[in-house]
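# Remarks on the overall topology
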Amino acid sequence: MLKDITLGQYFPGNTVVHRLDPRTKLLMTLLYIVTLFLCKWFVSYGVMLVFLITAVALSRIRPKALLKGLKPLIIIIIFTAVINLFYTEGRVLVEFWIFKITAEGLQNAFFLVLRIMMLVTGTFLLTYTTSPIALTDGLESLLSPLKKIHFPVHELAMMMSIALRFIPTLIEETDKIMSAQKARGADFETGNIFRRAKALIPILVPLFVSAFRRADELATAMECRCYHGGEGRTKLKQLRYHRRDALCLLLGAVLLAGIIVLRHFML
Amino acid sequence: MAAVIEVRDLCHTYSVGTPFEHDAIKHIGFTVEKGEFLGVIGHTGSGKSTLIQHLNGLLKPTSGDVLLSGESIWKDKQTTRRARFRVGLVFQYPEYQLFEDTVFQDIAFGPKNMGLSETEIKQRVFRAAEFAGVKPASLEKSPFDLSGGQKRRVAIAGVIAMEPEIVIFDEPTAGLDPAARKSLLENISAYQKATGATVMMVSHSMDDVALMADRLLVLNEGQIEMLGTPAEIFREAERLQQIGLTVPQVTSLFLRLKELGLPVDPATYTVDAALAQLLRLKGGAAGC
Amino acid sequence: MGNAVSVQELLFSYPSQNGTPHCVFDGLNVNIEEGSFVAVLGHNGSGKSTFAKQCNAILLPEGGSVQVFGMDTKDEALLLDIRRTVGMVFQNPDNQMVANVVEEDVAFAPENLGVPSEEIRRRVDDALRAVGMYEYRIHAPHLLSGGQKQRIAIAGVIAMQPRCVVLDEPTAMLDPIGREDVMRIVEKLNRENGITVILITHHMTEAIRADRVIVMKEGRILTDGTPKEVFTQVDLLKSAGLDVPATTQIIYELNRQGFDLPLDALSTEECAQALYEQFKVEA
């Protein structure tokens, strides 16, 4: 049921990839995505693939778990592939009825699918090896220069971590409310879309009421624990860069530079 | 008397095929007689909630079966749906399921889903409201404007309005103060007397169920630990304590008295029975 | 010793929908001595939760004053000091947890107070050990039982190093095991760490464990004294819609039948001894 949904699931571990500073991992993911978009030809993609496979191997995340993350995207992947396959002008390979497949189309489709898959796998590697709270901390720290222009960095990070905290609770609650309404004969499975949407009211109303009640109680509890915004706040775990972070970022920079060079030679 | 519910070798395993796979209930079998009051006790995680959700078909057993008046509720789709209405299930903290604009409409939700006529729905709502102790003046109010205790009564009325043959209450008094608790239990008792419905009540408060139940079903780690009359169950107070349950205060007092050497029956669980026994020790007449 | 909480002529009302405010307190006076363990009893609507929220400036008096350790709750400059001195634990453990890792949640208050990292680490570990949840420090709270969550909430308050802890029906949503665990920790905080404890409850069996019991009804103090003094007033308690422990009820009924048993034999053991003395001769 709903409980089986995984949202940015984290697989605890103690590998090099896990131990990297969350900021490093965030930056590396960004770098990786940018680099991926600069790739032109087999050589560049090959280099990136080697990088990705090495990272996955180091993280000891089972490739199966990563591939599972691709599942919901299959339709998008197929759709992009098909569009590119049929709608790219160029040297015609096969032609039937109104469709024609060109060599360029085939090539575009192939690279695009590869790119999407590598992109998704890369970002999943980030969320699989970084706890949500470390991720929030990392993001807050990376964005902290924006505080100077009065961007609410701390508030945003706090909201994110509270959302993460309450998602499982609210999913459980949804399950409970659903069961309770089913016990009163509510039917969520039959009827047309309109009827089904209407059938959701008995779930959504109690869920919102409960979410507001929780929010209200949580706000009081936070006040009781001396919460007064981000000012003067310290952290249990302070983020610290280590040598491995520097090495990792260096590798990222080399990778980016390398791909730019390869791109120049159309490789 | 005929068994209105028969549970046959029921098993339920959650999250099959994942690392979180676990058996919530294992090989549970028992019957409930028509008009009986069965208390179900067990601490958190003993499988109580999983068990009761099988009785109206909300959960499908991994193996085993549930029979209502001798007929499997999984025979066909209609039978399963009918089971929802034949077995009314009042969840824990049921006030969190209220959603309609008025109390009346909320109580009418179940009967409406049954496809009853307007007049029938109306009658049932009024009857259910009375049984559950919902004030008639509240019927046109928004359920969200009521006090916590009144909200819970509305939610209970919402289930009773389906006029189920069997009503199951999951911790109906959780979080209520003593006065509200007592009054709600009285309502449940009166409802059963008036309608002859079969009632099951899940609780971890021994004092609540001991006074009302004909029999008690004790669950531990997904299995039936004990099944019998309250007196039979409380006689084995130690076994209850071992599995993390308490006994009524009167029972623990009488256990201690017996240990001290008084010839009393430790399976005593009401104040009245306790007084009767103590007075009998003095030969009926007090020291006056 | 001085007073942890001192309430003088407290006036307070909630706004109600039809405009006329609903008066909760109309001149409440009460002092809670530092280091004591006080249980506040009363049925819903008696004002006990409102009283709890007055103790750390979540609600402010409309008239009269509330002082905690000499600090007036109306003094805004003292707000953080007041809240760090008087910690608060609520009924629903789910709705007072901020982080999705146990130790991060316990660290929340010290982080807000700007405590240095190493010191936070030490406080968090100490607090988690005090409630017996150290092994669970990197767990996600939603996978814990109600009792365990409530212990984490208590740890979160201990980490502020408060001098007083107010618990508003902390066991109402727990099963018997969770209830006992929480009560044991509360007792330990008071007896071993000398923290003033104010326990709001409607469980008589919990109130018996306090040094002092205050019974509230409609915003007034109905009776106030040691558990023995309070629970012997059976008729008064019943009139306030409260239960008396079964032990007291048995002795009360026997005395009405002409026996002369000590009504203040509250615990099961005391009651058993008293009954044994009375009934053994002819047995």
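What you are looking at is a predicted structure, and each value in this text was computed from that prediction instead of being measured. (Residues numbered from 1 in each chain as written. Chains lettered and ligands numbered in written order. Predicted model: local features only at pLDDT ≥ 70, side-chain atom pairs only at ≥ 80, totals over all residues. Heavy atoms only, no water.)

### A few points about the interface of chain A and chain C
What counts here: We call two residues in contact whenever any of their non-hydrogen atoms come within 4.5 Å of each other. Buried area, as used here, totals the accessible surface that two parts lose on assembly, with accessibility defined by a 1.4 Å probe and the loss added over both. Here, a salt bridge means any side-chain nitrogen of Lys or Arg that lies within 4 Å of a carboxyl oxygen of Asp or Glu. Here a polar contact is taken to be a pair of N or O atoms separated by no more than 3.5 Å, where protein atoms must pair a possible hydrogen donor with a possible acceptor and residues adjacent in sequence count only if both atoms sit in side chains. In this text, helices come from DSSP runs of H or I with a minimum length of four residues, and strands from runs of E with a minimum of two, each type numbered from the N-terminal end. Note on residue classes: Ala, Val, Leu, Ile, Met, Phe, Trp, Tyr, Cys and Pro are nonpolar, Asp, Glu, Lys and Arg are charged, and everything else, Gly too, is polar.
Contacts between the two partners involve 31 residues from chain A, matched on the other side by 37 residues from chain C. Taking both partners together, chain A and chain C bury about 3,100 Å²; carbon and sulfur atoms supply 54% of that area. Of all residues in chain A, R165, R225 and L236 of chain A give up the largest surface area on contact with chain C, accounting jointly for 29% of the area buried on that side. At the junction of chain A and chain C, the tally comes to 6 salt bridges. The partner of E104 of chain C in a salt bridge is K237 of chain A, with the nearest N and O atoms 3.7 Å apart. Where chain A touches chain C, the interface holds 17 residue pairs in polar contact (both at pLDDT 80 or more). Of all the elements in the fold, those that place two or more residues in the side of chain A that touches chain C are helix 7 (132-143), helix 8 (153-183) and helix 10 (201-224) of chain A. Of the residues belonging to the side of chain A that touches chain C, the class tally is 14 nonpolar, 7 polar and 10 charged.

### Details of the sheet that holds strand 5 (residues 71-72) of chain C
Residues and elements named next belong to chain C. Our working rule: Pairing between two strands requires that DSSP report at least two bridges joining them.
In spatial order, the strands read 2-1-4-5; together these 4 strands make up an open sheet with antiparallel pairing. With partners counted over all chains shown, the strands left at the sheet margins are strand 2 (22-33) and strand 5, one partner each. Bridge analysis of strand 4 (residues 63-68) against strand 5 gives 2 bridges, and the strand direction is antiparallel. Directly across from Q67, in strand 5, lies its bridge partner D72.

### What to know about the packing of aromatic side chains
Heads up, the condition is: Stacked, tilted and edge-to-face are the three classes assigned to paired rings of Phe, Tyr and Trp, where Trp is represented by its six-membered ring and a pair needs centres within 6.5 Å; plane angles under 30 degrees give stacked, over 60 edge-to-face, the rest tilted. To sort residues, take the accessible area from a 1.4 Å probe on protein chains only and compare it with the maximum for the residue type: under 20% means buried, over 50% means exposed, and anything in between is partly exposed.
What the rule picks out here adds up to 16 aromatic pairs over all chains. When the centroid spacing of 6.0 Å and the interplanar angle of 35 degrees are considered together, the rings of Y32 of chain A and F51 of chain A count as tilted. Taken together, the positions of Y32 of chain A in helix 2 (residues 22-38) and F51 of chain A in helix 3 (residues 42-59) put the pair 19 residues apart, joining distant regions of the chain. By relative accessible area, which is 5% here, Y32 of chain A ends up buried. Judged by centre distance (4.9 Å) and plane angle (85 degrees), the ring pair of F99 of chain B and F109 of chain B falls under edge-to-face. Of this pair, F99 of chain B sits in the loop between strand 6 (87-90) and helix 3 (103-113) while F109 of chain B sits in helix 3, and the two are 10 residues apart along the sequence. Residue classification places F99 of chain B among the buried residues on the basis of a relative accessible area of 8%.

### Quick notes on unusual backbone geometry
Residues and elements named next belong to chain B. One non-glycine residue with positive phi stands out, namely E163, at about 45 degrees. As for its placement among the helices and strands, E163 is situated in the loop between helix 5 (148-160) and strand 7 (166-170). The backbone phi angle of E171 is positive, close to 45 degrees, even though this residue is not glycine.

### Re a positive patch on the surface
Residue and element names in this part refer to chain A. Counted only if it meets this: What goes into a patch is any residue over 30% in relative accessible area without a salt bridge, connected to like charges within 9 Å or, for nonpolar side chains (Val, Leu, Ile, Met, Phe, Trp, Tyr), within 5 Å. Under the convention used here, a 1.4 Å probe and the Shrake-Rupley method define accessible areas, while residue burial counts only the protein chains that appear. All tallies of charge rest on Lys and Arg as positive and Asp and Glu as negative; His and the ends of each chain are not included. For this purpose, a charge sits on NZ of Lys, CZ of Arg, CG of Asp or CD of Glu.
A contiguous patch of positive charge on the surface is contributed by R62, K64, K68 and K71. Mapped onto the secondary structure, K64 falls in helix 4 (residues 63-70). Classification of K64 as exposed rests on a relative accessible area of 63%.

### A short note on the packing of helix 10 (residues 249-260) of chain B against helix 12 (residues 268-279) of chain C
Defined as follows: An axis is simply a line fitted to the C-alpha atoms; with a helix, the fit covers only the stretch in contact. Between two such axes, the angle follows the N-to-C directions and lies from 0 to 180 degrees. These descriptions rest on fixed angle ranges, namely under 35 degrees for roughly parallel, over 145 for roughly antiparallel, 65 to 115 for roughly perpendicular, and the rest for oblique. Throughout, a crossing is termed right-handed when the near helix is turned clockwise from the far one, and left-handed when it is turned anticlockwise from it by less than a right angle.
Their axes nearest at 9 Å, the elements helix 10 of chain B and helix 12 of chain C cross at an angle of 50 degrees. In this view, helix 10 of chain B runs oblique relative to helix 12 of chain C, as classed from their interaxial angle. Crossing geometry of helix 10 of chain B relative to helix 12 of chain C is assigned as right-handed. Contacts between helix 10 of chain B and helix 12 of chain C involve Q249, S252, L253, R256, L257 and L260 of chain B on the former and, on the latter, T268, E269, C271, A272, Q273, L275 and Y276 of chain C. Residue composition of the contact of helix 10 of chain B with helix 12 of chain C, grouped by class: 7 nonpolar, 4 polar and 2 charged.

### Re the pattern of salt bridges
Note that side chains of opposite charge can pair when their charged atoms are close. Following the criterion strictly, the structure yields 43 salt bridges over all chains and no others. The shortest N-O distance in the salt bridge between K237 of chain A and E103 of chain C comes to 3.0 Å. Here K237 of chain A is found in the loop between helix 10 and helix 11 (243-264), whereas its partner E103 of chain C is found in helix 3 (residues 102-106) on a different chain. Classification of K237 of chain A as partly exposed rests on a relative accessible area of 37%. Taking relative accessible area as the criterion, E103 of chain C reaches 3% and is therefore assigned buried. The partner of R215 of chain B in a salt bridge is E36 of chain B, with the nearest N and O atoms 2.4 Å apart.

### Digging into the domain arrangement of chain B
All names here are of chain B. Applied cut-off: Those domain boundaries reflect an automatic or database domain assignment.
Structurally, chain B comprises domain 1 (3-239) and domain 2 (248-283). Domain 1 and domain 2 are separated by 32 Å when their C-alpha centres are compared. In this complex, domain 1 contributes 9 residues to the contact, which on the side of domain 2 involves 9 residues. Buried surface at the junction of domain 1 and domain 2, summed over both partners, amounts to about 700 Å²; 73% is from carbon and sulfur atoms. By the criterion of area lost to domain 2, the three top residues of domain 1 are D207, F234 and R235, representing 50% of everything that side buries.

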